[in-house]
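# Chain and residue survey
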Number of protein chains: 2
Amino acid sequence: MSLQAVLARIDQTLPDALDRLFDLLRIKSISTDPAFKGDCAKAAEWLAAELAALGFDAAARATPGHPMVVGHAGDSGRHLLFYGHYDVQPVDPLNLWHRDPFDPAIEDTPKGRVIRGRGSSDDKGQLMTFIEACRAWKAVHGTLPGRLTIFLEGEEESGSPSLIPFMQANAAELTADLALICDTSMVSPGIPSIASQLRGMLKDEFTIHGPRIDLHSGHYGGPGLNPLREMARIVASFHDHETGRVAVEGFYEGVQEVPAELLTQWENCGFDEKEYLGSVGYTVPHGEKGYSTLVQQWARPTLEINGMWGGYQGAGSKTVIPAEAHCKLTCRLVGDMDPDKLRERVRAHVAARLSPDARVTWDNDLEGSPAAVMNTARSEFEAARRALSDEWNREAVFVGMGGSIPIAGFFKEVLGMDAMLVGFANDDDAIHSPNEKYDVKSFHKGIRSWARILAALD
Amino acid sequence: MSLQAVLARIDQTLPDALDRLFDLLRIKSISTDPAFKGDCAKAAEWLAAELAALGFDAAARATPGHPMVVGHAGDSGRHLLFYGHYDVQPVDPLNLWHRDPFDPAIEDTPKGRVIRGRGSSDDKGQLMTFIEACRAWKAVHGTLPGRLTIFLEGEEESGSPSLIPFMQANAAELTADLALICDTSMVSPGIPSIASQLRGMLKDEFTIHGPRIDLHSGHYGGPGLNPLREMARIVASFHDHETGRVAVEGFYEGVQEVPAELLTQWENCGFDEKEYLGSVGYTVPHGEKGYSTLVQQWARPTLEINGMWGGYQGAGSKTVIPAEAHCKLTCRLVGDMDPDKLRERVRAHVAARLSPDARVTWDNDLEGSPAAVMNTARSEFEAARRALSDEWNREAVFVGMGGSIPIAGFFKEVLGMDAMLVGFANDDDAIHSPNEKYDVKSFHKGIRSWARILAALD
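Computed from a predicted structure; not experimentally measured.

On to the sheet that holds strand β5 (residues 112-116) of chain B. Residues and elements named next belong to chain B. Read across the open sheet, the three strands follow the order β4-β5-β19; overall the sheet is antiparallel. Either end of the sheet is taken by a strand with one partner, and the two such strands are β4 (105-109) and β19 (437-439). Between one strand and the next, the sheet's axes are offset by a mean angle of 35°, whatever the strand orientation. Examined bridge by bridge, β5 and β19 share three bridges and lie antiparallel to one another. Bridge pairing links R116 to K437 in β19. Packing of helix α14 (residues 440-457) onto the sheet brings it into contact with β4, β5 and β19, and relative to β19 it is tilted by some 55°.

This is the structure we're talking about:
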């Protein structure tokens, strides 16, 4: 009865919830670029104020990086901790956006109404689904459900450097019975999904140095070593083009094949491969031969090049042999792959292939995190699955995730706490890309979903 | 007698000549970047005024691109045309300059006094050696020698788009008995050199397109085609890493081996391979196996990567699979290699290696020019060789050049005019690089050299 009242309240107040989300989306909280440090602090303050207004004992708490937002409410019953992140990805290439990334708007599209703007899906729109569910609950019950802690990070898009120290320093107040994380997508539009496994991540960056200075390609073209050619040759050597496998020695150590039973679940989870590939202009999967698109994305490791540059990039032409070439890469990890071991293997692969007179230097500030597998045997997972199935009129499914959400692994390692990942994003949300969006339906039914889950776990 | 007076005058007035050069070096005439169009016009006006002051009938003449400077003097005797270019290369990476590239200064270095600044060597310092020789000649004789035309271009560093149409439209006034070009280096410091052959050039640029938009490397890492990986694989395929040869089919059509006799001359021309490679940080030559550094640089063709970029290049990390990757390349041509044929071959090489779902587009605005061989049998070449030997107290030599100076070929094709290339730059001048310099000795003795050549050809 009271759940129905909460759901009705959510439906009536949706326009206000959208207005609040827009206020948050207007804050340029790009964590990876120091130029936006002030905007990150502003987003944290905004959220702390929202939580306080709902009766949370909440504050934005300083770290060596961007602030953490922590709020507590209630003191009895099951202790649930909700995690989200208020920071967003950079917006370049800006020229490909059809509106200001930080001037959000509702747009009508052939696929329905969407919220357009950086962070609308990753992760401001998603974290607000939980906060708005709390707001409706409070409006109906006068109190928040059970015992809640809300924990919002501002460094998720930049390697979370402050996260583990902060959790260690505040372990007592952050250790709950279960963590709820809203930063994932649905396997297919309208199919509610709970993540059962996530890939880990290794980030690294290197520079290949050749001549002492930029050279004239007439004078030195021929005898001169060109770092751009070195870079191309070495980056090309990372993969076996025929099989699509990573060619770094020992790369696949700790990788297990997907169990047949899980594979069957995945094959029947409603994933539309053709739509998934076609929506971004692909006709075939380009990963390891012999694995389905879903398995390539959820259960196979990758070595991806995220940026590569050197030499002249301006208008016209410059006949130069540059002194340096640069590369940013990320690996996605599965199973028991060890990020630190892997980093050494990737670096050894590069070192072994350098030409005479070429030199490599590495950026040492980039973090790694192992893959994570969820404890789906816990009763809360089945309870949440039922709640989601009720809301979406469709059986909710346990799925893999290609993305890396290190926080799930950190909660387990540092606080010994299991996590459950429930998200309402869609694969066409263009997160990390120009024109990021979040379906209004995801936002609305996401709020309703959390209300149902809170009721089921209350 | 009068030659001695001219040389003495040059020695006495060197400080004034340097001041004039500095005025020209302060003008930011970067031709490849539209932002500096006004500076190019300013440099042309400055030069036209200098020539007029020497009694030339001179003007900066408009083209669809940057202006040409043309000056005529005298009406009898052998008609000599002098060519130089007043435009300069871009200055990036600016952070590697130890002073403002456009705030020239004399600096004392372990190797002697140098003029530091963009264009000091390529080509403002070199073209001023001829103008200052004319100035001293006029001061002593009251007139300029014989019949002179000075022809200065402002688009040499950006493919000379206006050059051929301008020469065609003004063929009568520009066709002389011989063209003198000062845009080359000495084979080794202190060894006066006349270029007997130049490599040609082909410039091209391409973009590899993959997904419709930038993608999240978590969601699409694995099944997603990455244009940066495509670019690396294709750029790596341009060369056979073992032999150093270009692997583009038909690339070497029209390439001849260097005649044994010329090879012997080159081996004895005083070129210091160890110094040449060591000065920029190389211990070995990196070109085609089986050819000396000098032959790799003067008589073998190349395919060089001048710029390559795509994805995220900012601070920190971004887990993106970019929609595009870009590459700028130049080929150096020798013998009878055909730039247009070669362009098609390079483009076919790329097209043949694209993965499904990858697409390539080409920039069509970049020019090509064939290699050029000088008519060293003409009497002026031997006369100039003697004059240079006298000035430098060292036998002047006929050498090859790794660079491309299309103008020599264009003079022959369009005006049927032979050209003689005499230059005083050194390989460590860092032209096209940060901290470009020109030796004060090159400037001073360069002026004296032209005075001697003008006397010998008068």
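A few words now on the UniProt feature "domain: Peptidase M20 dimerisation" (unreviewed entry) in chain A. Per the UniProt record, "domain: Peptidase M20 dimerisation" (unreviewed entry) is annotated on residues 206-356 of chain A. A distance of 17 Å separates the end C-alpha atoms of residues 206-356 of chain A, which is 28% helix and 19% strand.

With that settled, the discussion passes to the confidence of the model for chain A. Low pLDDT means the predicted coordinates in that region are not meant to be read closely. Predicted confidence across chain A gives a mean pLDDT of 95, with 100% of residues reaching 70 or more. Confidence estimates for the predicted assembly give a pTM of 0.78 and an ipTM of 0.78.

Next up on the list: the relation of the copies chain B and chain A. Aligned on chain A, chain B shows an RMSD of 0.0 Å; the corresponding rotation is 180° and the shift along the axis is 0.0 Å. A rotation of that kind, with that shift, is consistent with a two-fold axis.

This next bit is on the packing of aromatic side chains. Residue and element names in this part refer to chain A. For the structure on display, the rule yields 32 aromatic pairs over all chains. Note on W392 and F424: the rings are 6.2 Å apart at their centroids and 10° apart in plane angle, and the pair reads as stacked. With W392 in helix α12 (residues 379-392) and F424 in the loop between β18 (419-423) and β19 (437-439), this pair connects stretches of sequence that are 32 residues apart. Of the two residues, W392 and F424, both sit in the buried class. Judged by centre distance (6.2 Å) and plane angle (90°), the rings of F424 and W450 are edge-to-face. Within this pair, whereas F424 is found in the loop between β18 and β19, its partner W450 is found in helix α14 (residues 440-457), the two being separated by 26 residues in sequence. The exposure class of W450 is buried, given its relative accessible area of 0%. In textbook terms, an aromatic cluster arises when at least three aromatic residues are bridged by ring pairs, as seen for F82, F130, W392, F424 and W450. Sitting above the plane of the Y252 ring, R245 keeps its charged end 4.0 Å from the centroid.

Another point: the pattern of salt bridges. With the rule as written, the count across this model stands at 70 salt bridges over all chains. Taking the shortest distance from any N to any O, the salt bridge between D108(A) and R113(A) comes out at 4.0 Å. The exposed category is assigned to D108(A), whose relative accessible area is 66%. A salt bridge links R99(B) to D103(B), with the nearest nitrogen and oxygen atoms 2.9 Å apart. Exposure remark for R99(B): the relative accessible area of 25% places this residue in the partly exposed category. Through salt bridges with shared partners, one network takes in K111(A), E275(A), D428(A), D429(A), K437(A) and D439(A).

All names here are of chain A. Judged by pairing direction, the sheet is antiparallel, and its three strands sit side by side in the order β4-β5-β19 without closing on themselves. Looking at the sheet topology across the chains shown, the edges are occupied by β4 (105-109) and β19. Here the strands of the sheet are splayed against their neighbours by 35° on average, with no regard to which way each runs. Packing of helix α2 (residues 14-25) onto the sheet brings it into contact with β4 and β5 (112-116), and relative to β5 it is tilted by some 35°.

This part covers the packing of helix α7 (residues 227-236) of chain B against helix α11 (residues 339-353) of chain B. Residue and element names in this part refer to chain B. As a packed pair, α7 and α11 sit with axes 10 Å apart at the nearest point and diverge in direction by 130°. Judged by the inter-axis angle, α7 sits oblique to α11. At the point where α7 passes α11, the crossing takes the right-handed sense. Touching E230, R233 and I234 of α7 are H349, V350 and R353, all from α11.

Considering the arrangement of structural elements, one finds S389(B) in helix α12 (residues 379-392). Setting aside its immediate chain neighbours within four residues, S389(B) contacts R394(B), E395(B) and A396(B).

With that out of the way, let us pick up the interface of chain B and chain A. Between chain B and chain A, the contact holds 87 residues from the first and 87 residues from the second. Carbon and sulfur atoms make up 52% of the area that chain B and chain A hide from each other, which totals about 7700 Å². Where chain B meets chain A, there are two salt bridges. Across the pair E304(B) and R229(A) runs a salt bridge whose closest N-O atoms are separated by 3.6 Å. Connecting chain B to chain A are 56 residue pairs in polar contact (both at pLDDT 80 or more). The set of elements that each furnish at least two residues to the side of chain B that touches chain A consists of β9 (200-209), β10 (215-216), α7, α9 (273-278), α10 (293-298), β11 (302-311), β12 (320-321) and β13 (324-333) of chain B. Of all the elements, β11(B) adds the most residues to the side of chain B that touches chain A, at 10 residues. In terms of residue class, the side of chain B that touches chain A is made up of 34 nonpolar, 37 polar and 16 charged.

A word on unusual backbone geometry. Trans is the prevailing form of peptide bonds, just as negative phi is the prevailing case for residues other than glycine. Geometrically, the link from D122(A) to D123(A) is a cis peptide bond, its omega value of 5° lying close to zero. Tracing the chain through its elements places D123(A) in the loop between β5 and α4 (124-141). The omega torsion of the bond from D92(B) to P93(B) falls at 0°, within 30 degrees of zero and hence cis. Tracing the sequence through the fold places P93(B) in the loop between β3 (79-85) and β4. If you check the backbone angles, D357(B) has positive phi at about 75° while not being a glycine. Following the sequence through the fold, D357(B) ends up in the loop between α11 and β14 (359-362). A positive phi angle, close to 70°, is found at H432(B), a residue other than glycine.

Another point: the environment of A48(B). Position of A48(B) relative to the elements: it lies in helix α3 (residues 37-53). Distance in space between the C-alpha atoms of A48(B) and R61(B) is 9.4 Å, their sequence separation being 13 residues.

Turning to the side chain of S162(A), a few remarks are in order. All names here are of chain A. Of note, S162 is situated in the loop between β6 (147-153) and α5 (163-169). Within polar-contact distance, the side chain of S162 engages the side chain of T63 at 3.3 Å. When residues no more than four places from it in sequence are discounted, the contact partners of S162 are T63, P64, G65, M68 and E155.

Turning to the layout of surface pockets, a few remarks are in order. The space that makes up the largest pocket amounts to roughly 800 Å³. Forming the boundary of the largest pocket are 39 residues, of which K111(B), N426(B), D427(B), D428(B) and K437(B) lie nearest the centre. Counting residues per element, the lining of the largest pocket draws most heavily on β5(B), which supplies four residues. Looking at the lining of the largest pocket, its residues break down into 16 nonpolar, 11 polar and 12 charged. Roughly 620 Å³ of internal volume is contained in the second largest pocket. Lining the second largest pocket are 46 residues; nearest its centre among them are E156(A), R332(A), S404(A), I405(A) and P406(A). Going through the elements one at a time, α5, β9 (200-209), α10 (293-298), β15 (368-369), β17 (397-401) and α13 (406-415) of chain A are the ones with two or more residues in the lining of the second largest pocket.

Take the pairing of β13(B) next. Residues and elements named next belong to chain B. Summarising burial for β13: nine of the 10 residues are buried, a large majority. For β9 and β13, the ladder comprises 10 bridges, and the chain directions are antiparallel. By the bridge assignment, K203 is partnered in β13 with T330.

On to the nonpolar core, then. L47(B), F151(B), F411(B), F443(B) and W450(B) are the most contacted members of the largest nonpolar core, which has 113 residues in total. Residues contacting F411(B), with those up to four places away along its chain left out, are L81(B), Y83(B), F151(B), M167(B), A179(B), I181(B), G416(B), M417(B) and A419(B). Residues C182(A), M417(A), V440(A) and A451(A) belong to the second largest nonpolar core, which totals 112 residues.

About the criteria used
Residues numbered from 1 in each chain as written. Chains lettered and ligands numbered in written order. Predicted model: local features only at pLDDT ≥ 70, side-chain atom pairs only at ≥ 80, totals over all residues. Heavy atoms only, no water. Pairing = 2+ DSSP bridges. Helix = DSSP H or I, 4+ residues; strand = E, 2+ residues; numbered from the N terminus. Axes fitted to C-alpha atoms, helices over the stretch in contact; angles between N-to-C directions. Contact = heavy atoms within 4.5 Å. UniProt positions renumbered as here; feature names shortened; annotations may be inferred. pLDDT = per-residue confidence, 0-100. Least-squares fit on C-alpha atoms with pLDDT ≥ 70 in both. Phe/Tyr/Trp six-rings, centres within 6.5 Å; stacked < 30°, edge-to-face > 60°. Buried < 20%, exposed > 50% of the residue type's maximum accessible area, 1.4 Å probe, protein only. Lys NZ or Arg CZ within 6 Å of the ring centre and 35° of its normal. Salt bridge = Lys/Arg side-chain N within 4 Å of Asp/Glu carboxyl O. Parallel < 35°, antiparallel > 145°, perpendicular 65-115°, else oblique. Left-handed = near helix turned anticlockwise from the far one by under 90°. Buried area = accessible area lost by both parts, 1.4 Å probe. Polar contact = N/O pair within 3.5 Å; in protein donor to acceptor, adjacent residues only side chain to side chain. Nonpolar A, V, L, I, M, F, W, Y, C, P; charged D, E, K, R; others polar. 1 Å grid on protein atoms, 1.4 Å probe; cavity = no way out; pocket = protein on both sides within 12 Å on 5 of 7 lines; lining within 4 Å. Points joined across faces, edges and corners; volume = space filled by probe spheres on them. Core = buried A, V, L, I, M, F, W, Y, C linked by side-chain atoms within 4.5 Å.

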